[in-house]
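Geometric and topological summary
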Amino acid sequence: MNMVVQSFTPLVDKTCKCPQGSTQRDRCMNQLIKELTASGKLWHRPHNIPETDYQDILQTSWMYFARNLCDGKTAPKYDAKRSSVPTWINAYIRMRILDYYLRQKHRPIDPIVPILPARSEPPNILGDVLAWLERDRAKLQRVHLRDHSEINCYTLILNRLPTEDISWTQLAQNLEVPKETLQGFYRRECLPRLREAGKQLGYL
Amino acid sequence: MTIPICSPKTVVPIHHSDRQTAENFAKQQPTHKQADKVYRNTLAVMITKHCLDILEIPSDLSECDSWNPFSRLVSDVADLHIIDLGRLECRPVRPGEEYCYVPTDVWEDRIGYVVVQIDSSCTEATLRGFSVSVNSEKLALSQLQPLEQLLIHLTPIKLMKTWVNNILDRLSNTWKEIGTLSGLIYEPVFTFPALQHIAFDTPERTEQIVEQLYASQWSGNLKSNKPSSFRGSVGSPNGKSQFGNPKVKDAFPPDFPAALVNLIQTTTNEEIRWKAAEALWTINPDHPATGVRRVLDLGLLIAEQHMALMVGVLPLQDQRVSILARLYPLGQQTRLLPGLKLVVLGADGSSGEVAARKSGDNYIQLKFTGKLGERFSINVCLNGDNFTEYFMI
């Protein structure tokens, strides 16, 4: 049950306290890299990446490590509040492994397919949503912004459907309330009701 | 100062089959504008998914709004469900754009936002970066964090929702059910001083305890936490039950579990809430309203002292939860070291609550409430040693 967790914090603190560019800093940095490598906590080499390529990835990663652990020269500085040192460097190693895989893939040369025109007929879902809006109209109209009975769930949902698709800026102008107020009301009152309708209609 | 980000670009080829899927979804839309939106959203989701597959981060499309024809039609969504963690929003941008549009539809219930730049021929995409949260429709690309931060962000989150639904973390099995640490723990993990020596042995006894919690609720504070006073204060000095107070009596549901559940759900006093949960747990450990408790053995991480961190979650109404974080000595230790701190921080790492070990305490704890989707971290520290665990409700 006991787990003794190795903490790199003291050595990181020691390293970063050394003056930038000093030999002490280099020495501590090397020690840290050595300990991390020996800790078994570094991201494993995927079996389909050759050892030499993986070593290249590690090499790049240690450069990133040395530049950003204390000073943040090429990326945001390491933040002990967000993650442990192994998690931080592993994130970089994993991203470079991702880049490596992506480079190996041939760029597809398949023909560019333009977006086909959208259907002229609205699909059934839209019909169902519109029918639900009409059926529950009175109920949806009762849920409105305080002192604005015209700004209600029915109106907002209808206006935001793709068939109307009125922008928030336009809606705010039309209804003479701040856009943020409309959006807040939409998120709080309309989206949950739309979701509920989706469930009732058997789509969710 | 803005730090120049020099991470290599992550360029992703787009498969023909992905374009075909996006096209199929687009064809279902009633307008050209919506079709274009759905096409690009779908590509952004699939590109992100391919990358996460390579990164060995399991994701699932089947539960996503972006994969549901209804949700695609009625809202602007590009979500990808990261297994055990939650929904990551994958927003598309065009080359040359400086801002990414993030519709209000997706401002909540997201664990983060990835921005995917899709080239004009839709054959290649570049992952531009990541943001933990958004608070406006325009997300400046210059403010994005490098993708390494996404991996850091996804690595440690523990999702309270999965705990409450009794799903064990796939990514980590280190958080245990309380029972697994019995024997190592000096005192029962989930026991409050006020209830430690109280046996819910008779209906009368239970009634008295429940009654006192209700009385405390009405008087606005709890009586002393000492067990003796808790026991002693049941009923008024003249022997008349506190049910004599009509307010208390009216508020009291007919049976004890219902009374306790009511209290757990409605009180605004966290102390009373957790005491009611403890009382309910003692009467009926399987009652769903008692919430969940998980415990993590911290080993000798902090100052070589064997400790355990317990986190309890009580589901409340309106997607809110009440959370209790408590630090205990484990094994041979009976007291926590002086100076030990337990800190709860918000998503941005700021404005936290702190509890410090006071002399005489054998545990320290914090109680707070939050709502679905909120993030926080629990940090345990003493001198230079510290341990942090990240959570999302």
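In this text the structure is predicted, and so the values were computed from the model without any measurement. (Residues numbered from 1 in each chain as written. Chains lettered and ligands numbered in written order. Predicted model: local features only at pLDDT ≥ 70, side-chain atom pairs only at ≥ 80, totals over all residues. Heavy atoms only, no water.)

Things to note about the overall build of chain B
In terms of regular secondary structure, chain B is built from ten helices and 18 strands. Looking at chain B as a whole, 58% of its 393 residues qualify as buried. The contacts of chain B with a sequence gap of at least 6 include a subset with a gap of at least 24, amounting to 60%. Looking at chain B as shown, the accessible area adds up to about 16,000 Å², and 50% of this sits on carbon and sulfur atoms. (Helix = DSSP H or I, 4+ residues; strand = E, 2+ residues; numbered from the N terminus. Buried < 20%, exposed > 50% of the residue type's maximum accessible area, 1.4 Å probe, protein only. Contact = heavy atoms within 4.5 Å. Areas by Shrake-Rupley, 256 points an atom, 1.4 Å probe, with all protein chains shown as cover.)

Quick word on the packing of helix H7 (residues 153–160) of chain A against helix H8 (residues 168–175) of chain A
For any two helices packed against each other, one specifies the inter-axial angle together with the distance between the axes. All names here are of chain A. Axis separation between H7 and H8 bottoms out at 11 Å; the angle between their running directions is 145°. The way H7 lies across H8 gives a crossing that is right-handed. Residue-level contacts link Leu-156, Asn-159 and Arg-160 of H7 to Trp-168, Leu-171 and Leu-175 of H8. Looking at side-chain class alone, the contact of H7 with H8 contains four nonpolar, one polar and one charged residues. (Axes fitted to C-alpha atoms, helices over the stretch in contact; angles between N-to-C directions. Left-handed = near helix turned anticlockwise from the far one by under 90°. Nonpolar A, V, L, I, M, F, W, Y, C, P; charged D, E, K, R; others polar.)

A few points about the sheet that holds strand S3 (residues 79–82) of chain B
Either a parallel or an antiparallel arrangement is found when strands of a sheet pair, and the pairing is made through backbone hydrogen bonds. Residues and elements named next belong to chain B. Across the sheet, which stays open at both edges, the six strands sit in the order S1-S7-S6-S4-S3-S2 with mixed pairing between neighbours. This sheet does not close on itself; its edge strands, each paired only once, are strand S1 (10–13) and strand S2 (59–60). Judged from the six bridges that link them, strand S6 (residues 112–118) and strand S7 (residues 124–131) form a sheet pairing that is antiparallel. In the strand pairing of S7, Gln-117 is matched with Thr-126. (Pairing = 2+ DSSP bridges.)

Topic: the pairing of S6(B)
Residue and element names in this part refer to chain B. Most of S6 sits inside the fold, with seven of its seven residues counted as buried. Of the two faces of S6, both are covered, the one formed by Gly-112, Val-114, Val-116 and Ile-118 as well as the one formed by Tyr-113, Val-115 and Gln-117. As judged from the six bridges shared by strand S4 (residues 86–93) and S6, these two strands associate in the parallel manner. Paired with Pro-92 across the strands is Val-116, a residue of S6. From the end of S6 to the start of S7, which pair antiparallel, there are five residues, and Cys-122 there has a positive phi angle of about 55°.

What about the confidence of the model for chain A?
Residue and element names in this part refer to chain A. Confidence along chain A averages 86 in pLDDT terms, with 87% of residues attaining 70 or more. Across residues 1–5, confidence stays below pLDDT 50; counting only partners more than four residues off in sequence or on other chains, it has twelve contacts. For residues 106–118, every residue scores under 50 in pLDDT, and the model assigns this stretch 24 contacts once sequence neighbours within four places are set aside. (pLDDT = per-residue confidence, 0-100.)

Details of helix H5 (residues 124–135) of chain A
Residue and element names in this part refer to chain A. For H5, spanning twelve residues, the distance from its first C-alpha to its last is 16 Å, which sits close to the expected 16 Å at 1.5 Å a residue. Inspection of H5 places Ile-125, Leu-126, Val-129, Trp-132 and Leu-133 among the buried residues, and these make up the whole buried set. Viewed end-on, H5 has its buried residues packed into an arc of 125°, placing them on one side of the element. Residues of H5 that are exposed and point over 90 degrees away from its buried face: Asn-124 and Arg-135. (Expected span 1.5 Å × (residues − 1). Arc of directions from axis to C-beta.)

Thoughts on the pattern of salt bridges
Under the counting rule described, the total for this entry stands at 22 salt bridges over all chains. The partner of Glu108(B) in a salt bridge is Arg187(A), with the nearest N and O atoms 3.3 Å apart. Of this pair, Glu108(B) sits in the loop between strand S5 (99–101) and S6 while Arg187(A) is found in helix H9 (residues 179–200), placing the two residues in two different chains. Judged by relative accessible area, which is 19%, Arg187(A) ranks as buried. (Salt bridge = Lys/Arg side-chain N within 4 Å of Asp/Glu carboxyl O.)

A few points about the pairing of strand S11 (residues 292–299) of chain B
Residues and elements named next belong to chain B. Buried residues dominate S11, accounting for eight of its eight residues. By the bridge criterion, seven bridges tie S11 to strand S12 (residues 307–315) in an arrangement that is antiparallel. Within S12, the position partnered with Arg-294 by the bridge is Val-311.

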